[in-house]
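Listed below are the residues making up each chain.
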Amino acid sequence: MSKNKRFDKVLTKTEKIKRAQSVKNEDIEFSAEQADAQDLEAIRRAEVADRRQERIINDNE
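Rules and cut-offs
Residues numbered from 1 in each chain as written. Predicted model: local features only at pLDDT ≥ 70, side-chain atom pairs only at ≥ 80, totals over all residues. Heavy atoms only, no water. Helix = DSSP H or I, 4+ residues; strand = E, 2+ residues; numbered from the N terminus. Buried < 20%, exposed > 50% of the residue type's maximum accessible area, 1.4 Å probe, protein only. Areas by Shrake-Rupley, 256 points an atom, 1.4 Å probe, with all protein chains shown as cover. Patch = residues over 30% accessible without salt bridge, like charges linked within 9 Å, V, L, I, M, F, W, Y side chains within 5 Å. Salt bridge = Lys/Arg side-chain N within 4 Å of Asp/Glu carboxyl O. Lys, Arg positive; Asp, Glu negative; His and termini not counted. Charge placed at Lys NZ, Arg CZ, Asp CG, Glu CD.

### Some remarks on the overall build of the protein chain
Counting its secondary structure elements, the protein chain contains two helices and zero strands. Scored against the burial criterion, the 61 residues of the protein chain give a buried share of 2%. Total accessible area computed for the protein chain in this model is approximately 6,700 Å², and 50% of it derives from carbon and sulfur atoms.

### Observations concerning a positive patch on the surface
Taken together, the side chains of R45, R51, R52 and R55 present a region of like positive charge at the surface. Tracing the chain through its elements places R45 in helix α2 (residues 37-60). A relative accessible area of 56% places R45 in the exposed class.

### Some thoughts on the pattern of salt bridges
Evaluation of the coordinates by the stated rule reveals one salt bridge. Between R44 and E41 there is a salt bridge, and its shortest N-O distance comes to 2.8 Å. Of this pair, R44 and E41 both sit in helix α2, separated by three residues, roughly a single helical turn. Note on R44: relative accessible area 44%, which makes it partly exposed.

What follows is the structure, given as structure tokens:
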């Protein structure tokens, strides 16, 4: 009898959500040396979005 796990099992929605959440919680180290133009553009766009969100929150107070 084989002790290998089967990886072809279809996951339930709950199992998929649990796996996705565990992946989201991993720490990822940013390396400026390895960043490409798309990474830098994504950072710039995220910073602009953060400022826009802060402005909306402050305007509503």
